[in-house]
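A structural walkthrough
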Amino acid sequence: MLKRISIVLLSLLFCFLSACAKEGPAPSAAPVQTPEPTPSEPNATPAETFAPSAFQPGFNGYFDGEIYVSLGGQDCDFYEDWYMGGLNFWIISKHAIGVSGIRADLPVGMHFDVDVRDFTEQYHTVYRMNADPEQASATANDGCFLDRHVMMLEGADWKTIGSAKKEILEYYDWFFRQYGAITEPTVMDPDTQAREQQIEAYEKMLDAWRDACDAFSDDRIPVFFVYRVELLPQGRFTDESADRLILTLGDRKTEIPFGEWRFHSTTPKELKPDGYGLRSDSFSLMTFEGSAFDGGYAVFKDALSFTVGHDDVTVTGMRIFGSDISPDAVHVRRENAGGNTINDFYWDLQMPLDFQSGQTVHIDVILHDPCFAEYECFRTFYLILDYEVNGFAHSDPVPFYAHRRNDVIETYFIRFMGMDLTDYYRYGALYYGESSPDLPESFLPRGDA
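Note that the structure is a prediction, hence the values are computed from the model and not measured. (Residues numbered from 1 in each chain as written. Predicted model: local features only at pLDDT ≥ 70, side-chain atom pairs only at ≥ 80, totals over all residues. Heavy atoms only, no water.)

This brings us to the overall build of the chain. A tally of helices and strands in the chain yields seven helices and 19 strands. The contacts of the chain with a sequence gap of at least 6 include a subset with a gap of at least 24, amounting to 79%. Of the roughly 20,400 Å² that the chain leaves accessible, carbon and sulfur atoms contribute 48%. (Helix = DSSP H or I, 4+ residues; strand = E, 2+ residues; numbered from the N terminus. Contact = heavy atoms within 4.5 Å. Areas by Shrake-Rupley, 256 points an atom, 1.4 Å probe, with all protein chains shown as cover.)

This part covers helix H4 (residues 158-179). Its 22 residues place the ends of H4 31 Å apart at the C-alpha level, agreeing with the 32 Å of an ideal helix rising 1.5 Å per residue. Within H4 the residues assigned to the buried category are Trp158, Thr160, Ile161, Gly162, Ser163, Ala164, Lys165, Lys166, Glu167, Ile168, Tyr171 and Phe175. (Expected span 1.5 Å × (residues − 1). Buried < 20%, exposed > 50% of the residue type's maximum accessible area, 1.4 Å probe, protein only.)

With that settled, consider the sheet that holds strand S15 (residues 341-347). Strands sit in the order S10-S12-S17-S14-S15 across an open sheet of five strands; the sheet is antiparallel. One side of each edge strand has no neighbouring strand; the edge strands of this open sheet are strand S10 (278-280) and S15. With strand direction ignored, the average angle separating the axes of adjacent strands in the sheet is 25 degrees. Sheet analysis places strand S14 (residues 327-335) next to strand S17 (residues 360-368), joined by eight bridges and oriented antiparallel. When the bridges of S17 are listed, Arg334 appears paired with Val361. (Pairing = 2+ DSSP bridges. Axes fitted to C-alpha atoms, helices over the stretch in contact; angles between N-to-C directions.)

Take the pattern of salt bridges next. Within the structure shown, the criterion is met by 22 salt bridges. Between Lys301 and Asp364 there is a salt bridge whose closest N-O contact spans 3.5 Å. Pair noted here: Lys301 is in strand S12 (residues 297-308) and Asp364 is in strand S17, with a separation of 63 residues, a long-range link. Of the residues examined, Asp364 reaches a relative accessible area of 6% and is grouped as buried. Among the ionic contacts, a cluster of salt bridges with common partners joins Asp75, Asp77, Glu260, Arg262 and Arg379. (Salt bridge = Lys/Arg side-chain N within 4 Å of Asp/Glu carboxyl O.)

Before going further, it helps to examine the sheet that holds strand S6 (residues 111-118). The sheet built from five strands is open, its strands ordered S1-S2-S4-S7-S6 with antiparallel pairing. A strand with exactly one partner marks an edge of an open sheet, and here the two such strands are strand S1 (62-63) and S6. One ladder, built from eight bridges, connects S6 with strand S7 (residues 225-234); its direction is antiparallel. Bridge pairing links Val114 to Leu231 in S7. Here helix H6 (residues 408-415) sits on the sheet in contact with S1, strand S2 (67-69), strand S4 (88-93) and S7, set at roughly 50 degrees to S4.

With that settled, the discussion passes to the confidence of the model for the chain. Low pLDDT marks stretches whose predicted atomic positions should not be read closely. Mean pLDDT over the chain: 79, with 78% of residues reaching 70 or higher. The least confident element of the chain, judged by mean pLDDT, is helix H1 (residues 6-13) at 33; the most confident is S2 at 98. This stretch, residues 444-449, has a pLDDT under 50; its non-local contacts, to residues over four places away or in other chains, come to twelve contacts. (pLDDT = per-residue confidence, 0-100.)

This is the structure in structure tokens:
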């Protein structure tokens, strides 16, 4: 029997909370004068149909009650030939600091330019689901105050939301299989009519939340200030490391321990690219999706993508350089020269895989490690694909700058307001990218099956 990776998998079911246009049902108290479903409506509160496990991450960013710095869980090696960025972090503050009042210094001999930008206004703009297209386009971005943030402030019952949405999705899937695409009035059996009445009640709950979010005004957003800081290395790399950063905020200087960044003047031979016989579409992965509530899982969609050249290729293995993390699951999707999927399957990393000339291959990699269970996480490693062409061995390395994208507003809610978002991540979590599919037990870490 397939076992779910509970937190990660739920976002497939809750895609209704898409990045900039999401839905949700009414809470136990209707927000912004929006009426909630009455008890007389059929099953206005759905029964729980799933029971994902809870998981509490380690909140390891710097926080002193006044400022939050998203540095923590850093364990990185940077090679000059491969460096693609990633030395950046967020500052969330109760008080305005101003771009000119922020300085960042690494205690190393290398020189870094520092780029500071103010994102405060962006994070205080509410995305309007019912706005006209021009306004919606102007506010639809990662930094908006989205409807899920409104729902968090209003105390949404995420367990009810998740259960309702799951039942709606399951109903429509069942309905289509039962009746197909209906284009004219159709008499349904009594059981279907009763179930549809229940679904309509759930949808009314979702509509109530949507209207509440559209009625939420910008001036109700809590006041906080957001700055993004990026360190840009200049000149040649030297062999040195840093485990802390000196941050100057106005007239205040703070030392921020964060883990370790290691800089290298030379690149190991294992990372010298070969790539013979393949047209690689993988250059580097800069961030990964999901959250620290995923129980230590990280999903890297299209970690490797390539098209086979003139000669057939046999993939013999995959390994990670620069980390003791190892893949827990590898999902392979194979396309023909016309772009049509031939098949997709899980690979055990043991059996060689044969790919024909012209085929395109996409590989998703799912990793599990305690470092991914920390709220702030930045790891570097290099995924190396080993393969043979005409009996000769080759390899193709792809750098991973595994920097998790945390939501700034949610970070503010958790650290400054003490908000418990466990149920949100258990039942209605939104992730920026696609989540892991069900995994066979043989692919799960020992002790987790």
